[in-house]
Amino acid sequence: MNQRIAQLALVVADYDEAIAFYTQKLSFELVEDARMSETKRWVVIKPKGEDGCRLLLAKAANEEQQNAVGNQTGGRVFLFLHTDDIARDLANLKAGNVKIVRELSEEPYGKVLVFEDLYGNLWDLIQPALHTKR
């Protein structure tokens, strides 16, 4: 059996502001933006590079969903974004005025920092350690 998580839904307050944040401040690619009804769109984004898991930006449609915007995990880190150059990406985050919640640190698994997206969701940005065989 071969399975993988292809896409996650991220509840957002507004399609266009979410697209702008992720494409302009995080340099994600807009994969799809299709109108499904007067109030619903199918909006998919992904990090540049390899074709991994994508995010479906899902606009909050009721009060319960609106309450989840920015807090889908109860205040824990929600998403983990790997990078090949954390210094470059940190400079881009700072240039875009993205809030850094925990500054860059070196951990056994690599270099990591925590940032907030436009709604307050917490993200780990990780440059994995290069493991060499001994």
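What you see as residue numbers is a count from 1 along each chain, following the sequence as written. Totals for whole chains, interfaces and linings use every residue, but because this is a predicted model, local features are given only for residues with pLDDT of at least 70 and side-chain atom pairs only at 80 or more, for both listing and counting. Hydrogens and water molecules were not included; the side-chain quantities draw on all heavy atoms of the structure.

(A) Geometry of helix α3 (residues 86-95). Each residue is placed in one exposure class: buried if its accessible area under a 1.4 Å probe, protein chains only, is under 20% of its type's maximum, exposed if it is over 50%, and partly exposed if it falls in between. Under the scheme used here, helices are H or I runs from DSSP no shorter than 4 residues and strands are E runs no shorter than 2 residues, and both carry numbers assigned from the N terminus. Considered for burial, the residues of α3 that qualify are Ile 86, Asp 89, Leu 90 and Leu 93. Axial view of α3: buried residues confined to an arc of 100°, hence all on one face. More than 90 degrees from the buried face of α3, the exposed residues found are Ala 87 and Ala 95. Residue contacts follow a heavy-atom distance rule, with two residues in contact if any of their heavy atoms lie within 4.5 Å. Contacts from the buried residues of α3 go to α1 (15-25), β6 (100-107), β7 (110-116) and β8 (122-128). N or O atoms closer than or at 3.5 Å make up a polar contact, with two conditions inside protein: a donor-capable atom paired with an acceptor-capable one, and, for residues adjacent in sequence, both atoms drawn from side chains. For α3, the side-chain oxygen to backbone nitrogen distance between the N-cap and Ala 87 is 3.3 Å, and the N-cap itself is Asp 85. The positive-phi residue at the C-terminal boundary of α3 is Asn 97, with phi of around 60°. Think of the arc as the fan of directions from the helix axis to the C-beta atoms.

(B) Expanded view of the sheet that holds β6. In spatial order, the strands read β5-β8-β7-β6; together these 4 strands make up an open sheet with mixed pairing. This sheet does not close on itself; its edge strands, each paired only once, are β5 (77-82) and β6. On average, adjacent strands in this sheet sit at an angle of 20° to one another, irrespective of strand direction. Looking at chain direction, β6 and β7 are connected through 5 bridges and run antiparallel. The residue bridging Ser 105 from the neighbouring strand is Val 112, located in β7. At least two bridges found by DSSP between two strands is the condition for calling them paired. Convention adopted: a line fitted to C-alpha atoms gives each axis, helices being fitted over their contacting stretch, and angles between N-to-C directions are expressed from 0 to 180 degrees.

(C) Geometry of the pattern of salt bridges. Any Lys or Arg side-chain nitrogen located within 4 Å of an Asp or Glu carboxyl oxygen qualifies as a salt bridge. All told, the structure shown has 8 salt bridges when counted by the stated rule. Where Arg 41 meets Asp 16, a salt bridge forms, and the shortest distance between an N and an O atom there is 3.0 Å. Of the two residues, Arg 41 is situated in strand β3 (residues 41-46) and Asp 16 in helix α1; the sequence distance between them amounts to 25 residues. Look at Arg 41 and you get buried, because its relative accessible area is 12%. For Arg 88, the salt bridge goes to Asp 89, with nearest N and O atoms at 2.9 Å. We classify Arg 88 as partly exposed; its relative accessible area is 37%. A network of salt bridges, in which partner residues are shared, links Asp 16, Asp 33 and Arg 41.

(D) Summary view of the UniProt feature "domain: VOC" (unreviewed entry) in the protein. UniProt positions are given in the numbering used here, feature names are shortened, and annotations may be inferred rather than shown by experiment. The UniProt feature table records "domain: VOC" (unreviewed entry) at residues 4-128. In residues 4-128, the share of helix is 22% and the share of strand is 42%. The end C-alpha atoms are 20 Å apart.

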